Each structure stands twice: as C-alpha cells, then as structure tokens.
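Commentary on secondary and tertiary structure
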Amino acid sequence: KNRKKMGKGKSHDPKDGKRKEKAKMHLKRNIGYVDGVSFIIGSIVGAGIFVSPTGVLKHSLLNVGVALTIWTASGLVSLMGSLCYAELGTALPFSGGEYSHIKRGLGSLPAFVFIWTSTFTKPASNAARALLFAEYAAQPFYGICPAPEVLKKCLALAVLWSLGILNGCSVKMAAWVQTVFTLLKMMALSVIAIGGIVLVGGRKESLARFEDAFSSEIPNASQIAEAFFQGLYAYGGWWSLNYMAEEMKNPSRNIPLTVMTAVPAVIVFYLLVNISYLTVLTPKEIVSSVAVAVTWADRVIPSVAWIIPLSVAVSIFGALNSSMFTLGRLSYAGSQSGHLPVLISMLNVHSCTPAPAMIFSTTIASIFIIPSDLITLTNYFGFSAWLMIGLTCASLIVLRYREPHLHRPYKVFLPVPFVMVAMSSFLVLAPIVWSPNLQYVYAFLFMLGSLIVYLPFIHFKLHFAFLDKITCHLQLLLEVSPADESTESKCE
C-alpha cells in the first residue's frame, strides 16, 4: 500500500525525464551532418583561394604540374590529419578540440601551453579576418581611394561583436548562418571553376599549359617544401569539427562522415579553381596579381566582376563565424578543466550556450583590432599550430597503447598519425631553420611564459577569495550557471 501511495505521488510521464534533462545545464546536441560539413568547409575556405593563391605557384617556379601536385598533396595531408582527429573526436566527444585530446593523452601542462598560446593567437587571427572583411566591404564605396582606417576598424569591431552575440545567443542560428554563407562561397567557387573552363577552356594556348605541365624548371627540395607549406596553410581549418564534438548529433557516425565529405570536397574545388585560373591567366599573371580572382573576373565576366569582391567578403564572414564558434568552445573547455577562470565554463540559463566564453574570446579579438600592428606578430606563431597538431596526433598514438580498451567507433590506420607527427615536426622546424628570426624567439618565450601562470595557479592552486565575489556578481548579471547544474544560480 505504501508503495502504491508513494507511486501516486510520483509522475511516470516520460516527458518528466525530458524536462529534467532540459533543466540541466549542458551543451545541446544541435549540430547535424550538414552543419558539420558547413563548419569544416567554412573554416577552410577563407579569402586565400580568392585573393592570392600565388604562394604555391611562385615557389613551384611557375611549374603548373608541380603546383597542382602540391595542391593535391597538401589536401591529402589535411585529410590524413582530419581522419586522426575523427578518431579522437568519436572516442572522446568533448568540446575543446586539440586541447581536450592533448590533456587526455599527454597531461595537463602541454594542454595548458596549448590554451595559453591559443588565447593569444586565435583571437588575433579573428581580428585579422575581421579587418580583411572590413577592407573588402568598405572599399567599393571609396573607388580607387583607400578606405579610412578608423572606418575599417569600427566595421571590424561591429562584425566581431555581431557574430559574438549571435554565437552566444543561439547555436542553431549560428549553424544556420554558417550553412548559408558556406553555400554562397561554394557557389562563387563554382562560378570560377566552371566559368573559366567553359568560356575559354577551348583556347589552344590555355590547353598547352596543361599538356606541357612539367616542362618548365623543376624547383629544388627547399622550394618544394616552401610551396608545400603555402598549400597546407590554404587548407587550414580542417581541425575545427572536434571543437564542437560535444554538440554533434550522433558523433560516432557524423564526425567521420562529415570529415570524409568536407575535406575531399575542398580538395576538388581547390584544384578546379586553380585550373580555371591557369586556363584564363598565365602563371606570370597569377603571381603578379594582388587579387587573382578579381583579375580572373575582369577577364571572364567583366560586366558582373563585382560579384568576386562581394564573394570574398562573404567567404571571410563565413570563416570568421566558424572560427569564433570554435574559439568559444576552446575557452569553455579550458575553463571546465580549471585552466581559465570558472565563469568562462558557465552556460546561459536560457539558451544553454557558452556566452561568457564567447564574450571572453570576442573581447580579446577586439583588443587586437585597435592596435592592428600586433596582428603581424602572430605570423611568427604559425609554427605553433603545427606543433599542436603534432602533439594531438602523438596523443592519439599514446592513447592507442595506454588505453587500448577505450571505445573507438572509428579507428584510423595507425601509420597515419606517425606520418602526421613527422610532418608536423618538419613544418615546425623548417621556417625556423630556413629563415631564422628574432620573433621566433619571442614566440617560444611567450609559450614558455605559460609556466609562470601554470605553477602557482594550476599546479599549486593559488586562489583569491575576492574573485569568487566578482564571479558571483557577473554570474547574476549574465544569467549564467555552471554546466550540469540546476538553472538556479549558486550565488543567490
């Protein structure tokens, strides 16, 4: 009888379970297969393929065959890296991307060095994208005159905060914006890829460039390596999906499928676009052009050539949205592990988005825009990206041997991560050995400077009580709550 009475007082409605689940604060699985493809393509395809794909051709000594081979090889290396990340993302579907995997495989200190470096370099990269967007968006209104610097900086700040607020308010809306802008930029690439081949592809002088593709001078090993470095830079962003693994629907299926769709699609488009450029323009014209897509449009579609500068702005906007989304997740994951202030790991009680993390990363990016000369310093941190990729692939190898029973819905062929570790080591050392510069020393010192923060605050857990009061006030102001907690604030 007592059991029956107790039973009457409880609701067995399955909807109650869903309500309790909704009452918990955690990131929601709102990102599907199409959204994932859009985020990867949107992260990879920025302004580079439109503006200046000259680096590969220049270092290939204008050898068309070598240049196209390097574009293909760079894409295949990126695909191998993304498959390594797919294994880690399906086995450990947590926010934070490389940070989470390095922490699990190699420990807390390497993970802290990663997030310390990323907190400096990734917002600076976003600031550079925002300034480049402002350049392309404002220039049409000024004709041949340069747009005012103040206007460009104000416009860059406006687009940064618009996307920061969007990503902080709604994951679904951010994913929708990403999908739309990815479709627009792929349409623009399709116009270039198809237009050049269809309109002027039958010219004999154009076809001759491909028939005798390897006939010109062959570059030496160092030049090929430099061209390869340029090609890999153009594919940067293939690692972005792992930052949102915690929000992927059915990650064990969608992460590998998304990677195997998006990266090969980018490889095909990059090759087609480069072939189109070479069909319409000579290698010398491509290398001497500041914005090769604009030169191409003036030659092929002069009446509507304005489409290309507009497409560049659209492409940059989409890449910036994707980058800001992933950077917010990195800050969120770092805070959850105690490597950043606890407030950053909290979620908005209404939208379950990492709003404080978005505010944090957007604020840092805004600081870089004001004295934009600082952005040039981040060029010397290029080696650090490949250092972290190497550490991530090394984490995969370590976990294979240390945790053999870890559930892995997808497993990459084991030699692949070894190849990626070797490739990363080469790409880290090559620019430092070939063109030694004092700025590289500053970059290394900055990374080592993380120890100054790590030892007292992370290792010895030094804590100041007044920070708790500040956190509580900000928590109430922003209406945020710790993850996996009730929506009621702990500060009340």
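Residues numbered from 1 in each chain as written. Predicted model: local features only at pLDDT ≥ 70, side-chain atom pairs only at ≥ 80, totals over all residues. Heavy atoms only, no water.

Our working rule: UniProt positions are given in the numbering used here, feature names are shortened, and annotations may be inferred rather than shown by experiment.
Taking an unreviewed UniProt entry as the reference, the chain is identified by name as Solute carrier family 7 member 13 belonging to Eudyptes chrysocome. Checking UniProt for the chain, the heading Subcellular location (unreviewed entry) contains the comment "Apical cell membrane".

**Details of the pattern of salt bridges**
Convention followed: Salt bridges are defined by distance alone: a side-chain nitrogen of Lys or Arg within 4 Å of a carboxyl oxygen of Asp or Glu. Secondary structure counts use DSSP, requiring at least four H or I residues in a row for a helix and at least two E residues in a row for a strand, with both numbered from the N terminus. Burial classes follow relative accessibility: with a 1.4 Å probe on protein chains only, a residue under 20% of its type's maximum area counts as buried, one over 50% as exposed, and anything between as partly exposed.
If you walk through the whole model with that rule in mind, you get 8 salt bridges. In this structure, lysine 152 and glutamate 149 form a salt bridge, with 3.0 Å as the shortest nitrogen-oxygen distance. Taken together, the residues lysine 152 and glutamate 149, both in helix H9 (residues 149–169) and 3 residues apart, mark about one turn of the helix. According to the relative accessible area criterion, lysine 152 is buried, its value standing at 9%. The class for glutamate 149 is partly exposed, based on a relative accessible area of 48%. A salt bridge links glutamate 285 to arginine 299; the shortest N-O distance between them is 3.2 Å. One end of the pair, glutamate 285, is in helix H14 (residues 283–288); the other, arginine 299, is in helix H15 (residues 292–300), with 14 residues separating them in the sequence. The class for arginine 299 is partly exposed, based on a relative accessible area of 44%. What you see here is one network of salt bridges that share partners, running through Glu87, Arg400 and Arg408.

**What about helix H3 (residues 33–44)?**
Here is the rule: A helix is expected to span 1.5 Å multiplied by its residue count minus one.
The end-to-end C-alpha distance of H3 is 17 Å, a good match for the 16 Å that 12 residues give at a rise of 1.5 Å each. Buried within H3 we find Asp35, Gly36, Val37, Ser38, Phe39, Ile40, Ile41, Gly42, Ser43 and Ile44.

**Thoughts on the environment of glycine 237**
For the record, the criterion: The criterion used for residue contact is that any of the two residues' heavy atoms lie within 4.5 Å.
Within the secondary structure layout, glycine 237 lies in the loop between helix H12 (221–234) and helix H13 (251–280). By relative accessible area, which is 7% here, glycine 237 ends up buried. The spatial distance from the C-alpha of glycine 237 to the C-alpha of alanine 319 is 9.0 Å, given a sequence separation of 82 residues. Dropping the residues within four chain positions of it, glycine 237 is found in contact with Ile40, Ser43 and Ile44.

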